[in-house]
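Below are the chains, spelled out letter by letter.
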Amino acid sequence: KGRGPGGRAPPCDDTRDYDQGGNCVWYDERGLLKEVETLLGKPIESVPPDMKLRKELLDMKFGEEKGDTGASERAGRHVEQLRPTVLKLAAIERQAQASFLSLQARWNKSS
């Protein structure tokens, strides 16, 4: 998937449709928006032409909603609980990448 003719990735400036070997996919944005609104159970507001958000939206914190039942707070506690594990995994990932690069350098030396 994601490959054009011959198994190669198409160049980024290839504006042909994906089905024709290019890398462009046309989406029915209005249809997708309706699907998302159906999943959310409410319409998604459009930004007005003056690009100014309503005051109540400006006063909201990310992830909060009117009548928030503490979900944001619970999510924050969960993130903090996971932080040490994520930091360990990040260190292991860095170590694995450094190991891979050093092995690659060792085996790709010219004799």
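Right above here is the structure, for reference.
One structure accompanies this document, and this report is about it.

Here is what the cut-offs are and how they apply
- Residues numbered from 1 in each chain as written.
- Predicted model: local features only at pLDDT ≥ 70, side-chain atom pairs only at ≥ 80, totals over all residues.
- Heavy atoms only, no water.
- Helix = DSSP H or I, 4+ residues; strand = E, 2+ residues; numbered from the N terminus.
- Buried < 20%, exposed > 50% of the residue type's maximum accessible area, 1.4 Å probe, protein only.
- Contact = heavy atoms within 4.5 Å.
- Areas by Shrake-Rupley, 256 points an atom, 1.4 Å probe, with all protein chains shown as cover.
- Patch = residues over 30% accessible without salt bridge, like charges linked within 9 Å, V, L, I, M, F, W, Y side chains within 5 Å.
- Salt bridge = Lys/Arg side-chain N within 4 Å of Asp/Glu carboxyl O.
- Lys, Arg positive; Asp, Glu negative; His and termini not counted.

In this section: the overall build of the chain. When you go through the chain residue by residue, the secondary structure sums to three helices and zero strands. Sequence-ordered secondary structure for the chain, helices as α and strands as β, is α-α-α. For the chain, the residues scored as buried account for 6% of the 111 residues in total. Excluding contacts between residues fewer than 6 apart, the proportion of contacts in the chain whose partners are at least 24 apart in sequence is 0%. Accessible area of the chain: about 10700 Å², with a carbon and sulfur share of 58%.

A few words now on a nonpolar patch on the surface. A cluster of nonpolar side chains, namely Val-47, Met-51, Leu-53, Leu-57, Leu-58 and Met-60, defines an oily patch on the protein surface of about 560 Å² accessible area. By secondary structure assignment, the location of Met-51 is in the loop between helix 1 (29-40) and helix 2 (55-58).

Assignment of secondary structure puts Glu-37 in helix 1. In this structure Glu-37 is buried but unpaired, with Lys-34 as the nearest side chain of opposite charge at 5.6 Å. With sequence-adjacent residues up to four places away left out, Glu-37 is seen in contact with Lys-42, Pro-43 and Ile-44.

Take the pattern of salt bridges next. Enumeration according to the criterion identifies three salt bridges in this entry. A salt bridge links Glu-73 to Arg-77, with the nearest nitrogen and oxygen atoms 3.3 Å apart. A residue pair is termed a helical-turn pair when its members lie 3 or 4 positions apart in one helix, as Glu-73 and Arg-77 do in helix 3 (residues 71-107) at four residues. Across the pair Arg-83 and Glu-80 runs a salt bridge, and its minimum N-O distance is 2.6 Å. Residue Arg-83 and its partner Glu-80 are located together in helix 3, separated by three residues, close to a single helical turn. Classification of Glu-80 by relative accessible area gives partly exposed; the value is 46%.

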